[in-house]
Structure formats: C-alpha cells, structure tokens
Amino acid sequence: MSNQILLFDTTLRDGEQALAASLTVKEKLQIAFALERLGVDIIEAGFPVSSPGDFESVRAIAQQIKHARVCGLARALEKDIDACGEALRVAEQFRIHTFIATSEIHVSEKLRKSNDAVLEMAVAAVKHARKYTDDVEFSCEDAGRTHIDYLCRITEAAINAGAKTINIPDTVGYTTPTEFGGIIQTLFNRVPNIDKATISVHCHNDLGLAVANSLAAVEQGARQIECTINGIGERAGNCALEEIAMILQTREDLLGLQTNINSGEISRTSKLVSNLCNMPVQSNKAIVGANAFSHSSGIHQDGVLKAQNTYEIMTPESVGINKNSLNLTSRSGRHVIKHRMHELGYQDDDFDLTRLYDDFLELADKKGQVFDYDLEALVFFDQIKQEETQYELKYLHASAGQSVIPSATVEMRIGQQEIKQVAIGSGPLEAAYNAILNVTGIEAFELVDFKLDSKGEGADALAQVSLIGEYKGRKFNGVGLSTDIVEAGVNALIYVLNNTYLADKIDQQKQQKIAGI
Ligand code: KIV
Ligand code: ZN
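Residues numbered from 1 in each chain as written. Chains lettered and ligands numbered in written order. Predicted model: local features only at pLDDT ≥ 70, side-chain atom pairs only at ≥ 80, totals over all residues. Heavy atoms only, no water.

A.B. asks: Just give me the short version of the site of ligand 1, but keep the residues and values in it.
C.D. replies: Around ligand 1, a shell composed of Arg13, Asp14, His97, Phe99, Ser139, Glu141, Asn167, Pro169, Thr171, His202 and His204 is seen. Thr171 has a polar side-chain atom sitting 2.6 Å from an oxygen atom of ligand 1. Contacts to ligand 1 include His204, whose side-chain N or O atom sits 3.0 Å from an oxygen atom. In the complex, the protein chains occlude 93% of the 260 Å² of accessible area that ligand 1 would expose alone. Counting residues per element, the ones that place at least two in the shell around ligand 1 are helix 1 (11–17), strand 4 (94–101), strand 5 (136–141) and strand 6 (165–170). For the shell around ligand 1, a count of residues per class yields two nonpolar, six polar and three charged. (Near = heavy atom within 4 Å. Polar contact = N/O pair within 3.5 Å; in protein donor to acceptor, adjacent residues only side chain to side chain. Areas by Shrake-Rupley, 256 points an atom, 1.4 Å probe, with all protein chains shown as cover. Helix = DSSP H or I, 4+ residues; strand = E, 2+ residues; numbered from the N terminus. Nonpolar A, V, L, I, M, F, W, Y, C, P; charged D, E, K, R; others polar.)

And the structure:
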C-alpha cells in the first residue's frame, strides 16, 4: 500500500455551504489558486446543480486550475451528475463526486426508501457519472452511523459500478477514533474488491474529533482525507487541512506517510480564506491561530531562546510565518519591498509591485513603520478589488464629536457618473452609509452583520471592517481596510454593493439565456 495521502480540499463546497454569505466567482477563484499553490490534490469546487452561481464558479475553476484535479458534487441523480459533467468538462482533469445517504435514519426518515432502492440509485449514479469521466467518487453519507453490513455491501456495489474512490463520511461527527478506524479496518477485511478503489474519509467536527478520526482512518489504510482550510464547514466544521497536513509532516517519523502539501503556503492560505469567508480564526487554533507560535510564560521564553525546539515541535517558518528583520518605512525602496514579499513566500506574479509600492508609501506616510501583516493586507486588498466596478469612492469627509450632529459627505462614481451626497446619522459611519445608499439609490439592501478588527498592534493598526449585507434575499460579504475606521467601513460597503451589482448582472444574463436573447 502506498504511503502517499491524497488531500481533497472541500473549502469551496462543504466550507462555503456553511457561510452566512456566499462567495463570488472571483473570490472562489482566488481561493482555488491558493489551494493549488498549497499543493492539494483535489479541489472540490462546488455543487453545480445547486445554483447558477455555483455552476459558474465550478466552471471557472475547472477552466483555470491546471495542477490540481477539480471536482464537483452531485446527489445520486442524473440531473445533478449532468450539471457536474457540464460544468467540469472544460477541465484538464476532473472528478465527479456523487453521494447518497446510507444510515438507517437517513434512508428511512429522510429518503423514505428501502436499502435496496438506495443501493440501486448509488449504482446507477456511479454508472451515469462514468459516462463523463473515469474518475468517479462515491460517498455513503452518514457512513459513521451506517450498519456495517450494509456499508460493506454498498461499497462493493459502487466499486463494481466503476467508482474509483469510496468516501466514508462521518457526516454528523459522531464516531470516536477507535470506532472510526475500526469501520475502515472492517471495510478492508470484508469488501472483496476494495483494492480496486482508494478509500477516503470525510469527518465532521461536532465532538472535536474530525482530525483524530481522519488520522485513525489513515492508520487503517484510508489514503484520501477530505478537509477544509481552517476546518470550516457544516456546523462545527470539517477536518482542518492545516492540522492534518502538519500532523503527517511533523510525525512522519511515527506514521511514515507523506502528502503533496507545500506547508510554507499554509499561513497565507488560512488568512485568505478567513478574510474572504468572513470567518475569524481563534487565536489559540493549532497551526494558524495568532498564538500558535507565541510563548508567554517566562520559563517557556527562556527555553525557546536557548533552543527553539524546547517548546516548538515545528517552526513558524515551516507553515509560512516569517519573522520580520527589516524596518520598513517610507524611506524603503521598491527592491526592499519586493525582497520582503519574497521572504513572505510570495512570487512575482502574486502581486503588482508598482501598485503595492504606491499603497505601501501611502501607508508608511500615515503609520511610520509598516509591518508584514500590513504588506499582506495591502496585497490581499489589491487582489480583491473588482476589475469591473460599478461603484467607486472618490471623496469622503465625515465629522462627529460631542454636541455635533454626525454627518458625512461622499462623492461616488456610479458607472460613468460622479455624484456628491451629504447625509447625517447617529455616528459618522452611519452618516456615510446613509449618503452612499442615497446616492446609489439601492433600496433592497440591509446590513445584517458588521465586524471591526484591527490588523496589527497599537493605535496606528489598520482597521478591517467585515460586513454582511442582504440584497434581494441573498447575503453578500464585504471587507474594507484603512487606517481610518470610517473609511474602512465605507470601503467594505462599496465592496458589497459591487458584488450585488455583479450578481444582478449574472442573473440578467441567465434570464436572457433562458429567453434566448
Ligand atoms: O458530510 C458529508 O457527508 C458530506 C458528503 C456530501 C460527502 O459532505
Ligand atoms: Zn460534509
């Protein structure tokens, strides 16, 4: 049996389906490129039949990702599989992942079918998917609570029908490591054709055991792990990619297993996903939390200064966290910024040096010293600026204070027109929001969540505003950054409004397609 573990990333499918607001096609593409750089073997890009937006994203990812295999999810239904095949056919290499529930409670209560009928549907779905590709994965949803005899039977039937990967999900995160490892062991002992497929696992984290259960499974012979960046996913989430990858890397001495992950990309990918998905990472989170490599107690600090491995089992550098050795100020030249970006793990085509340097100088003028997290934030915000923006802020002035009515003046570009507007509010930010919403004339918009974070330390830290807005029954994310809190909030609102504009445009195109225009 091979020692290579395939990492199947489902951030864009299982992770995305748990977000308050869905990602745009552009945001999903950005994450897909980051996953490719990280070295994941398979990217589950979405569930094409679920919405036109998901279909578009899967197609765009299938078109542009060249090194990882792109996968789409489908229920065991012909229309789902056809949508997957249609979205994926532009890919260099692709996989169709079809699934049906197999536990007694799901089969009888949710599907209201017999075990035999479900088995027939599974076999038919795998055969149908094989018309599009040789690479078909079949999942037994809620396998963790499925009767083992039936799990063996349906696994054998799906392999005979042509599935090359059989995925065993612990959909509700119910099993314990010994129990879940035992299920995998039993499949290897009892399914006669098991050697014709790769066994995969997909563990949820309801009891905090997703990573432990995935590890127990590979110790029993599973060779694919389904996981997500920062462990995002339904409810308590999925097995965290960064954790399982670093377990396999750090304890290769014990486990003897390898992955294709380029661990130096972990930190950057984690930040990107956290920012775009509006999902903060807890500071004590293993591998990617802000405190994962910081030592607080005097005894620990003393130990680390004498020998790093007294209290560090892996280095921060191994996951892409580099310590800044250069003082970056407005006197630093372009080549210094380029050099620092390379040290941070970025390649030349990951950023536009001219724009980054201009933004850097502007920030350095405001802050004095610029830190790594500032540079990374500038690159991130440069990347998420939409190519085609309907709304752009040209001017902002907000005033507030004791015994004054907070007011704001904004000047906006809307399409080709530039319009000015003044408004008041209960604070300067609300005043600016009122002015923007008045000037854009968008009525169906409601702000449902607003978060303010600081990027960095001290009073001159950058303010990051993440918000969620509801528009025509759908939720949209927005994020904005500035040394000024009001400006950060305004940038976040304009980001959301541009996304609503793009969504309207995609819907219009779809309507025109349906009407044959
Ligand atoms: O948790 C689950 O069972 C799933 C399947 C669709 C693989 O996400
Ligand atoms: Zn899942």
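Now that the structure has been shown, we can carry on.
A.B. asks: Please provide a residue-by-residue account of the packing of helix 3 (residues 52–64) against helix 4 (residues 78–88), values included.
C.D. replies: In a packed pair of helices, the relevant descriptors are the angle between the two axes and the axis-to-axis distance. The contact between helix 3 and helix 4 brings their axes to 8 Å, and the two run at 40 degrees. Looking at the two axes, helix 3 sits oblique to helix 4. On helix 4, the residues touching Phe55, Val58, Arg59 and Ala62 of helix 3 are Ala83, Glu86, Ala87 and Leu88. Along the lines of polarity and charge, the residues of the contact of helix 3 with helix 4 split into six nonpolar, no polar and two charged. (Axes fitted to C-alpha atoms, helices over the stretch in contact; angles between N-to-C directions. Parallel < 35°, antiparallel > 145°, perpendicular 65-115°, else oblique. Contact = heavy atoms within 4.5 Å.)

A.B. asks: Residue-level account of the pattern of salt bridges, with values.
C.D. replies: What the rule picks out here adds up to 37 salt bridges. With a closest N to O distance of 2.6 Å, Asp149 and Arg190 form a salt bridge. Linking Asp149 in helix 7 (residues 148–161) with Arg190 in helix 8 (residues 177–190), this pair joins segments that are 41 residues apart in sequence. Close ionic contact of Lys367 with Asp374 constitutes a salt bridge, the shortest N to O distance being 2.8 Å. Relative accessible area serves as the criterion here: at 9%, Lys367 is assigned to the buried category. Through salt bridges with shared partners, one network takes in Arg37, Glu265, Arg268 and Asp350. (Salt bridge = Lys/Arg side-chain N within 4 Å of Asp/Glu carboxyl O. Buried < 20%, exposed > 50% of the residue type's maximum accessible area, 1.4 Å probe, protein only.)

A.B. asks: Can you lay out a nonpolar patch on the surface for me, pointing to particular residues and giving the numbers?
C.D. replies: A surface patch of nonpolar side chains, amounting to about 330 Å² of accessible area, comprises Leu447, Phe450, Leu452 and Ile485. With three residues, strand 12 (residues 445–455) is the largest single contributor of residues to the nonpolar patch. Tracing the backbone shows Ile485 in helix 18 (residues 485–514). On the basis of relative accessibility, which here comes to 45%, the residue Ile485 falls in the partly exposed class. (Patch = residues over 30% accessible without salt bridge, like charges linked within 9 Å, V, L, I, M, F, W, Y side chains within 5 Å.)

A.B. asks: I'd like to hear about the sheet that holds strand 13 (residues 462–471), residue by residue, with values.
C.D. replies: The strand order 12-13-14 describes an open sheet built from three strands, whose pairing is antiparallel. Edge positions in the sheet fall to strand 12 and strand 14 (474–482), since each has one partner strand and no second. Neighbour to neighbour, the strand axes of the sheet diverge by 15 degrees on average, direction disregarded. As paired elements, strand 13 and strand 14 share nine bridges and run antiparallel to each other. Among the inter-strand pairings, Gly469 is bridged to a residue of strand 14, identified as Phe476. (Pairing = 2+ DSSP bridges.)

A.B. asks: Give a description of the sheet that holds strand 10 (residues 407–414) that names residues and reports values.
C.D. replies: What the three strands build is an open sheet, ordered 9-10-11; its pairing is antiparallel. Of all the strands in the sheet, the pair left with one neighbour each is strand 9 (391–399) and strand 11 (417–424). The mean angle between the axes of side-by-side strands here comes to 15 degrees, regardless of whether they run parallel or antiparallel. Bridge count for strand 9 against strand 10 is eight bridges, and the pairing is antiparallel. Residue pairing for strand 10: Ser399 is matched across the bridge by Ser407.

A.B. asks: Mind laying out the side chain of Thr146, listing which residues take part and the relevant values?
C.D. replies: Assignment of secondary structure puts Thr146 in the loop between strand 5 and helix 7. Reaching out from Thr146, the side chain makes a polar contact with the backbone nitrogen of Ser103 at a distance of 3.2 Å.

A.B. asks: Before we move on, can you summarise the side chain of Glu44 with the specific residues and values?
C.D. replies: Residue position: Glu44 is located in strand 2 (residues 42–46). Taking the relative accessible area as the measure of exposure, Glu44 reaches 0% and is therefore buried. One polar contact links Glu44 to Thr10, side chain to side chain, over a distance of 2.7 Å. Polar contacts involving the side chain of Glu44 include one to the side chain of Arg13, which spans 3.0 Å. Each residue touching Glu44, except ones within four places of it in the same chain, is listed here: Phe8, Asp9, Thr10, Leu12, Arg13, Cys71, Gly72, Leu73 and His97.

A.B. asks: Go over the environment of Val118, please, and point to the residues and values.
C.D. replies: Its location among the elements puts Val118 in helix 6 (residues 115–130). The sequence separation of Val118 and Thr102 amounts to 16 residues, and the corresponding C-alpha distance is 7.5 Å. Not counting residues within four places of it along the chain, the set of residues in contact with Val118 comprises Ile100, Ala101, Val107, Leu111, Lys113, Tyr150 and Ile154.

A.B. asks: Summarise the layout of surface pockets; cite the residues concerned and give the values.
C.D. replies: The calculated volume of the second largest pocket comes to roughly 880 Å³. Along its surface, the second largest pocket is lined by 29 residues, and Phe381, Lys385, Leu481, Glu487 and Asn491 are the ones closest to its centre. Taken together, the elements giving at least two residues each to the lining of the second largest pocket come down to helix 15 (353–367), helix 16 (372–384), strand 9, strand 14 and helix 18. No other element matches the six residues that helix 18 contributes to the lining of the second largest pocket. (1 Å grid on protein atoms, 1.4 Å probe; cavity = no way out; pocket = protein on both sides within 12 Å on 5 of 7 lines; lining within 4 Å. Points joined across faces, edges and corners; volume = space filled by probe spheres on them.)

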